[in-house]
Amino acid sequence: IFQQESIQDTTTMTENKPQALVSPSLLSCDFAKLADEANMITGCGAEWLHCDVMDGHFVPNLTMGAPVITCLRKHNPSFLDCHMMVSEPERWVKDFAKAGATSYTFHIEATKDPEALIKQIKEAGMLPALAIKPSTNVEAAIPYLDMVHMVLVMTVEPGFGGQKFMADMMPKVEQLRKLRPNLNIQVDGGLDKETVSVAAKAGANVIVAGSSVFKEDDKKAVIDHLRDAVIKAQPEWNQK
C-alpha cells in the first residue's frame, strides 16, 4: 500500500508543472538513529527520503544496502528515493524491491543495457530513474526520457557528501527541462539555501540536500526554503 500511495504522489502536477519536492539525504543523518531521524525529517515536511547506496566499487565509499532499507521501511511509510551508486545495478533490483524501495535510480555509466534495466525495475514494482555523473554528457540520457520517471543530474562527483555545488552542470538541467517540461529532474550535491535557486531556475524540481538540512537546528525552515525556491522559479521555465 505504501508504495502505491508514494507512486501516486510523484506524478502530482502543479499548474501543469512537476511538483516541487525535497529529498533529504539520509547519508547525513545519525545512522545509529536512522528510523528516528527519517521520521523527524519527514515530520519537518520532506516529501521523499534520499537513500545513498554505495558499493565501494562504482564509488569508493561504502554505505547502506537492502537490509537497511528493509528496516527503515518498517518504521517509515514515505517515498524511498534510492540512488544506486553501484557497479551492477541489475543485481540489486529484486532485493531493493523486496525491501520496500519506491524509486530505483541507476547510473547510466554502470549498465550496458539501460532499457532492459528500466524494464526490470518496472517489473519489480518500482519507479525507474537514471543518473548521470558530472563527466557524462546529457545526451546519454535522452533516449530513455520517456521510459523513466526522473533523471538525476549529479552536481558533485558521486561518493561522498559535503562537496561543493557544480554550477556548470546546470546546462544539462536546462536542456532536459526544455525537452521534457513534466519530467522529474533531480539535482544532488552541494545544494543549500544559497545554491538551490541556481538549480531551480535551471529547471530542477527535486532537490536532494544532506548536510545543509541535517546540520541546521530549524530543519523545517531549510526544507521549506528549498521547496519554495523551486516553486518561485517554475514560472520562468517556459520563458527559456
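Residues numbered from 1 in each chain as written. Predicted model: local features only at pLDDT ≥ 70, side-chain atom pairs only at ≥ 80, totals over all residues. Heavy atoms only, no water.

Chemist: Is there a simple way to explain helix 9 (residues 219-237) in this structure?
Modeler: End to end, helix 9 covers 28 Å across 19 residues, agreeing with the expected 27 Å (1.5 Å per residue, within 8%). All buried positions along helix 9 are accounted for by Lys219, Val222, Ile223, Leu226, Arg227, Ala229, Val230, Ala233, Gln234 and Trp237. For helix 9, the arc enclosing every buried residue in end-on projection is 145 degrees, short of the 170-degree limit, so these residues lie on one face. (Helix = DSSP H or I, 4+ residues; strand = E, 2+ residues; numbered from the N terminus. Expected span 1.5 Å × (residues − 1). Buried < 20%, exposed > 50% of the residue type's maximum accessible area, 1.4 Å probe, protein only. Arc of directions from axis to C-beta.)

Chemist: In this structure, what is going on with the pattern of salt bridges? I would like to understand it.
Modeler: Two side chains carrying opposite charge are able to pair once their charged atoms lie near each other. Taken as a whole, this structure holds five salt bridges when the rule is applied. The partner of Arg227 in a salt bridge is Glu47, and the shortest N-O contact between them spans 2.6 Å. Here Glu47 lies in the loop between helix 2 (34-43) and strand 4 (48-54) and Arg227 lies in helix 9, a separation of 180 residues in the sequence. The salt bridge involving Asp224 is made with Lys220; its shortest N-O contact spans 2.8 Å. In this pair, Asp224 and Lys220 are both assigned in helix 9, four residues apart and thus about one turn of the helix distant. A cluster of three or more residues bridged by salt bridges with shared partners is formed by Glu47, Lys220, Asp224 and Arg227. (Salt bridge = Lys/Arg side-chain N within 4 Å of Asp/Glu carboxyl O.)

Chemist: Teacher, can you tell me more about the nonpolar core here?
Modeler: Nonpolar side chains in soluble globular proteins tend to be buried together. Core analysis: the biggest nonpolar cluster contains 66 residues, and Leu26 and Phe96 have the highest contact counts within it. Looking at this core, the element that brings in the most residues is helix 9, giving seven residues. Excluding its chain neighbours within four sequence positions, the residues that come into contact with Phe96 are Val53, Gly65, Ala66, Ile69, Cys82, Met84, Ala101, Tyr104 and Met126. Leu21, Trp48, Ala129 and Val206 belong to the second largest nonpolar core, which has seven residues in total. (Core = buried A, V, L, I, M, F, W, Y, C linked by side-chain atoms within 4.5 Å. Contact = heavy atoms within 4.5 Å.)

Chemist: Is there a simple way to explain helix 5 (residues 114-123) in this structure?
Modeler: Residues separated by three or four positions in an α-helix point in the same direction, a consequence of the helix having 3.6 residues per turn. All of the buried residues along helix 5 are Pro114, Leu117, Ile118 and Ile121. The buried residues of helix 5 occupy an angular sector of 105 degrees when projected down its axis, which confines them to one face. Exposed and facing more than 90 degrees away from the buried side of helix 5 are Lys119 and Glu123. Buried residues in helix 5 make contact with helix 4 (93-99), strand 6 (103-107) and strand 7 (127-132).

Chemist: Would you explain the sheet that holds strand 7 in this entry?
Modeler: Working definition: the strands of a sheet are paired by backbone hydrogen bonds and lie parallel or antiparallel to each other. One open sheet accounts for eight strands, arranged 3-10-9-8-7-6-5-4; its pairing is parallel. Only two strands of the sheet have a single partner each, and these edge strands are strand 3 (21-24) and strand 4. Across this sheet, the average inter-strand angle for adjacent strands is 25 degrees, counted without regard to direction. Looking at chain direction, strand 4 and strand 5 (residues 79-85) are connected through seven bridges and run parallel. The residue of strand 5 that forms the bridge with Met54 is Met85. Each of strand 7, strand 8 (150-154) and strand 9 (184-188) is contacted by helix 6 (residues 170-179), which is oriented at about 170 degrees to strand 9, the strand it contacts most. (Pairing = 2+ DSSP bridges. Axes fitted to C-alpha atoms, helices over the stretch in contact; angles between N-to-C directions.)

Chemist: Would you mind going over the confidence of the model for the chain with me for this structure?
Modeler: Where the model shows low pLDDT, its predicted coordinates should not be examined in detail. The pLDDT averaged across the chain works out to 92; a share of 92% of its residues lies at or above 70. Throughout residues 1-9 the model reports pLDDT below 50, and contacts reaching past four residues in sequence, or to other chains, amount to 17 contacts. (pLDDT = per-residue confidence, 0-100.)

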